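# Remarks on the overall topology
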Amino acid sequence: AQKITQTQPGMFVQEKEAVTLDCTYDTSDQSYGLFWYKQPSSGEMIFLIYQGSYDEQNATEGRYSLNFQKARKSANLVISASQLGDSAMYFCAMREGGDAGNMLTFGGGTRLMVKP
Amino acid sequence: NAGVTQTPKFRVLKTGQSMTLLCAQDMNHEYMYWYRQDPGMGLRLIHYSVGEGTTAKGEVPDGYNVSRLKKQNFLLGLESAAPSQTSVYFCASSYSTVGYGYTFGSGTRLTVV
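Note that the structure is a prediction, hence the values are computed from the model and not measured. (Residues numbered from 1 in each chain as written. Chains lettered and ligands numbered in written order. Predicted model: local features only at pLDDT ≥ 70, side-chain atom pairs only at ≥ 80, totals over all residues. Heavy atoms only, no water.)

### Here we look at the overall build of chain B
If you tally the helices and strands in chain B, you get zero helices and 11 strands. Taking 113 residues into account, the globule formula puts the C-alpha radius of gyration at 13 Å, and chain B, at 13 Å, falls close to it. Taking the principal axes of its C-alpha atoms as reference, chain B extends roughly 40 × 30 × 30 Å. When each of the 113 residues of chain B is scored for burial, the buried share is 48%. Within chain B, contacts between residues at least 6 apart in sequence are counted, and of these 55% link residues at least 24 apart. For chain B, the accessible surface area stands at approximately 5,300 Å², while carbon and sulfur atoms represent 52% of it. Looking at chain B, you have 10 positive and 7 negative side-chain charges, and the mean spots of the two groups are 7 Å apart. (Helix = DSSP H or I, 4+ residues; strand = E, 2+ residues; numbered from the N terminus. Rg over C-alpha atoms; globule rule 2.2 N^0.38 Å. Buried < 20%, exposed > 50% of the residue type's maximum accessible area, 1.4 Å probe, protein only. Contact = heavy atoms within 4.5 Å. Areas by Shrake-Rupley, 256 points an atom, 1.4 Å probe, with all protein chains shown as cover. Lys, Arg positive; Asp, Glu negative; His and termini not counted. Charge placed at Lys NZ, Arg CZ, Asp CG, Glu CD.)

Below is the structure:
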């Protein structure tokens, strides 16, 4: 079974509008971390936001927020006031405490395109 | 600047040739990882290391070997390159706790012809 599922291969959003990128995850661990990374066309992986499994508040970082619904096992990324520079691939990832190497498992990604 | 450095950034190999990708980090991280990213896809784990002298297989280890003789370096080797290994390779390092994310290198674009 997929540990991280991103069901939106591609999305368009109008500049200055908000957009939600979906992510669901599967784990039996109690301790885990959820991450979102941005990959622009230049190829580097840029960390955006982190949510711990025990965090009761949704994480926020500037225009990014994470809508964490633990019972539904979802960790959607919300980008407010989209900018042209937000056009990129976005990856959701999870790090589980039970794994020997605590490795990040990535979803397949969502390509976001911001329209002027 | 502190971070993860990958060399080389680009490489073209002929089928059957060998090469080594070098990853170096200066943050004293215990854990290091090698991933590959194929076009339009997410990252898949090749091998990882939880400390100097230790390595383990990830999701897609076939055709690759690794070594971590020093804490700061993690080498990825291709003994006999195949066209299926054409990909972008990312190295990353991290502390061991789940609440800590990775620091990624800038990637190596490898083409096997």
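### Focus on the state of the cysteines
What the rule picks out here adds up to two disulfides over all chains. A sulfur-sulfur separation of 2.0 Å characterises the disulfide bridge that pairs Cys23 of chain A with Cys92 of chain A. Where Cys23 of chain A bonds to Cys92 of chain A through sulfur, the torsion about that S-S bond is close to -65°, and the disulfide is left-handed. Placement of Cys23 of chain A in the loop between strand 3 (19-21) and strand 4 (24-25) and of Cys92 of chain A in strand 10 (residues 88-96) is noted, with a sequence separation of 69 residues between them. The exposure classification of Cys23 of chain A matches that of Cys92 of chain A, with both residues buried. Here Cys23 of chain B pairs with Cys91 of chain B through a disulfide, and the sulfurs are 1.9 Å apart. (Disulfide = S-S within 2.5 Å.)

### Brief notes about unusual backbone geometry
Residues and elements named next belong to chain B. Here the amide bond leading from Thr7 into Pro8 is cis, since omega sits at -5°, within 30 degrees of zero. Considering the arrangement of structural elements, one finds Pro8 in the loop between strand 1 (4-7) and strand 2 (10-13). Notably, Asn28 is not glycine yet its phi reads approximately 60°, a positive angle. Along the chain, the position of Asn28 falls in the loop between strand 3 (19-25) and strand 4 (31-37).

### Quick word on the sheet that holds strand 3 of chain B
Residues and elements named next belong to chain B. Read across the open sheet, the four strands follow the order 1-3-8-7; overall the sheet is antiparallel. Every other strand in the sheet has two partners, leaving strand 1 and strand 7 (64-67) as the edge strands with one partner each. Across this sheet, the average inter-strand angle for adjacent strands is 20°, counted without regard to direction. The pairing of strand 3 with strand 8 (residues 73-78) spans six bridges and is classified as antiparallel. Bridging across to strand 8, Cys23 finds its partner in Phe74. (Pairing = 2+ DSSP bridges. Axes fitted to C-alpha atoms, helices over the stretch in contact; angles between N-to-C directions.)

### Examining the confidence of the model for chain B
Averaged over all residues, the pLDDT of chain B is 94; the fraction at 70 or higher stands at 97%. Predicted confidence in chain B is weakest over strand 10 (residues 103-104) of chain B, with a mean pLDDT of 94, and strongest over strand 7 of chain B, with 98. (pLDDT = per-residue confidence, 0-100.)

### Some details on the nonpolar core
Residue and element names in this part refer to chain A. Of all hydrophobic cores here, the largest spans 25 residues; its most connected members are Leu21, Tyr25, Trp36, Ile49, Leu77, Tyr90 and Leu112. Where this core is concerned, the elements lending two or more residues are strand 2 (10-14), strand 3, strand 5 (32-39), strand 6 (46-52), strand 8 (64-69), strand 9 (74-79), strand 10 and strand 12 (110-115). Broken down by element, the residue count for this core peaks at four residues, all from strand 10. (Core = buried A, V, L, I, M, F, W, Y, C linked by side-chain atoms within 4.5 Å.)

### Structural notes on the interface of chain B and chain A
Taken together, the contacts link 22 residues of chain B with 21 residues of chain A. At the junction of chain B with chain A, the criterion picks out zero salt bridges. One can count eight residue pairs in polar contact (both at pLDDT 80 or more) joining chain B with chain A. Sorting the residues of the side of chain B that touches chain A by element identifies strand 4, strand 5 (43-51) and strand 9 (87-94) of chain B as the ones contributing at least two each. (Salt bridge = Lys/Arg side-chain N within 4 Å of Asp/Glu carboxyl O. Polar contact = N/O pair within 3.5 Å; in protein donor to acceptor, adjacent residues only side chain to side chain.)

### A closer look at the pattern of salt bridges
One pass over the full model with this rule turns up five salt bridges over all chains. In this structure, the salt-bridge partner of Lys3 of chain A is Glu96 of chain A, at a minimum N-O distance of 2.6 Å. Of the two residues, Lys3 of chain A is situated in the segment before strand 1 (4-5) and Glu96 of chain A in strand 10; the sequence distance between them amounts to 93 residues. The closest approach of N and O atoms between Asp38 of chain B and Arg36 of chain B, which form a salt bridge, is 2.8 Å. Take Arg36 of chain B: its relative accessible area is 8%, and that puts it in the buried class. Several salt bridges share partner residues, and in doing so they unite Arg36, Asp38 and Arg44 of chain B into one network.

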